[in-house]
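Commentary on secondary and tertiary structure
Take a look at the letters that make up each chain.
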Amino acid sequence: MAEGHERLLRRRGQAEEARRPEDLLHRRPLHGSGQVTQSSTSTAPRPGEEPGEEAGGNSGGPSGASRKNILFLMTDQHRTDTLGAYGNPLAHTPVLDELAATGTRFDRWYTPTAICTPARASLLTGQAPFRHKLLANHERNVGYLEDLAEDQFAFSRALREHGYNCGLFGKWHTGNRRTAADYGFDGPDLPGWHNPVDHPDYLAHLAEHGLPPYEISDRIRGTLPNGGPGNLLAARLHQPVEATFEYYLATRAIEQLERYAADAHERDRPFFLALHFFGPHLPYILPDEYFDLVDPADVELPRSVSETFEGKPPVQRNYSAHWTFDTMPIETTRKLIAVYWGYVALIDKQIGRVMDAMERLGLVDDTAVFFTCDHGEFTGSHRLHDKGPAMYEDIYRTPGLLRVPGAPGGQVRDEFVSLLDCTATILELAGLDPKPAVDSRSLLPLVRGESVEWDEDIVCEFHGHHFPYPQRMLREDRYKLVVNPDSVNELYDLHTDPDELQNVYAHPEQAEVRGRMMRRLYDVLRERGDNFYHWMTSMYDVGEVGHDPTLSGLDESTYKA
């Protein structure tokens, strides 16, 4: 552990005394209709500009003393089971483990959708994907919108309007035409889904420090169904750690942190700083010390590598072929998992450099720290890689850590929470009204250790990646229901089958569970305004309806009680 963490370690003794809250799974009301007021969508000052008098600064807005600095650490395609804090005994993640020990660890933290751009747009807006309508990554977009609406609410605009410095260093991937700067963020424009190793600022970093250029070998890939080479999954990087894109991102974030710290100390101007790593998204491209950090012989394969796809939607078998799982020996899967864990270790080390800078700059006591990701990764589970139209825990349940100054440490919460809930939490930390984040709920009561009513389930959605493929999921304590309009639905008993290998949707003994969850999902979607429910009205037992499901407007009387 680096020296800069000694102060946090001293706090850990106090954190370990905090008791785990019990019996806190309670239902909460759904949020509003998604109407955005004019005041919520006014144009933010450009990065580097001062907010207008009416926008706040220190005139009329919340006082600096009541507003927290916010450090938002985010990764891409990150499995929960890669962290020691979540139970991996082979993990090399001391920095994130320490954040969990001194803050709150959420054990049921889910992404609203397991695909990069829509999930990141939900974080920015506090709206579910069906509502903000940015439903696919533009690289493989087949007709969906590629940018958010011009007047879309974004938390960053609200923060900047009220005197915050806002910066984002790393992956943006929240639209195609508009960049992070258009939403009020300082920082370089780093487009795309993977490390842009040809970016001029990264190349300048290499040149400034006399570091060698990007070069790889030992490529790992399978064979596509048509006989072509599969997607690159991993490779060995012939650069030192200091030349990695991860090191570069942390360096630039620290430089910005130093500027923001001066503004915070001298002008009482708070900051929001996001550091978004492109990894550990595949391909896992690492220097020797991380490529070989974990011995593949020590890796225990996930039980779901025995997936048969029996009784499941055919698209899952097709995705397995696309990701070439069966064309590679099982030893390759072990190596891929080992390298993936090494990638997480590299990122943890770089986060440690940022945390050390926080300590050096005297920011720890005034800064809330988030860590999460956009979604998970299969890494061989269910004979799959990447993500896709399969709503398994591997890609929907993700890590979520939050430390807020003054809140008890060492907490573990098991409410169902979402990446979406970060938006309202950020706004509340900034002393702003969270209502514009209509599908988001602040996590601060949970972080403070309060007993509050909360939903006993969570709804997630998917709209497609390589092709349109709508899905909806309802996850509760024991069961998960997935509705797939094109083929068979899925129901998993996560108490008896935590690896989700057996689809029990059609089992007669599950009729009560199936019916109850289908009706619950239907009600939630209708209340939210998610039109996916229309298909469900005629195809499944959703109970009595009080409207004409054909929407013809010609026969409403038949459906009224």
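Structure: see above.
A short tour of the structure in this document, coming up.

Definitions and limits used
Residues numbered from 1 in each chain as written. Predicted model: local features only at pLDDT ≥ 70, side-chain atom pairs only at ≥ 80, totals over all residues. Heavy atoms only, no water. Helix = DSSP H or I, 4+ residues; strand = E, 2+ residues; numbered from the N terminus. Buried < 20%, exposed > 50% of the residue type's maximum accessible area, 1.4 Å probe, protein only. Polar contact = N/O pair within 3.5 Å; in protein donor to acceptor, adjacent residues only side chain to side chain. Pairing = 2+ DSSP bridges. Salt bridge = Lys/Arg side-chain N within 4 Å of Asp/Glu carboxyl O.

**What to know about the environment of D374**
The residue D374 is located in the loop between β9 (367-373) and α11 (393-396) in this model. Take D374: its relative accessible area is 0%, and that puts it in the buried class. Along the chain, D374 and A119 lie 255 residues apart, while their C-alpha atoms are 5.7 Å from each other. A polar contact is formed between the side chain of D374 and the side chain of R120, at a distance of 3.2 Å.

**Focus on the pairing of strand β13 (residues 457-464)**
Along β13, eight of the eight residues are buried, which leaves the element largely enclosed by surrounding structure. Where β13 lies against strand β14 (residues 468-476), seven bridges are found, and the strand directions are antiparallel. Paired with E461 across the bridge in β14 is R472. In textbook terms, the turn of a hairpin is the stretch between consecutive antiparallel strands, and for β13 and β14 this stretch comprises three residues.

**Considering the pattern of salt bridges**
The full count for this structure, using the stated rule, is 34 salt bridges. One salt bridge connects K171 with D76, and the closest N-O pair in it is separated by 2.2 Å. In this pair, K171 is assigned in the loop between β4 (165-170) and α6 (200-208) and D76 in the loop between β1 (69-75) and α2 (94-102), connecting sequence segments 95 residues apart. You'll find K171 and D76 in the same group, each marked buried. Across the pair E393 and R475 runs a salt bridge whose closest N-O atoms are separated by 3.5 Å. In this pair, E393 is assigned in helix α11 and R475 in strand β14, connecting sequence segments 82 residues apart. By relative accessible area, which is 14% here, E393 ends up buried.

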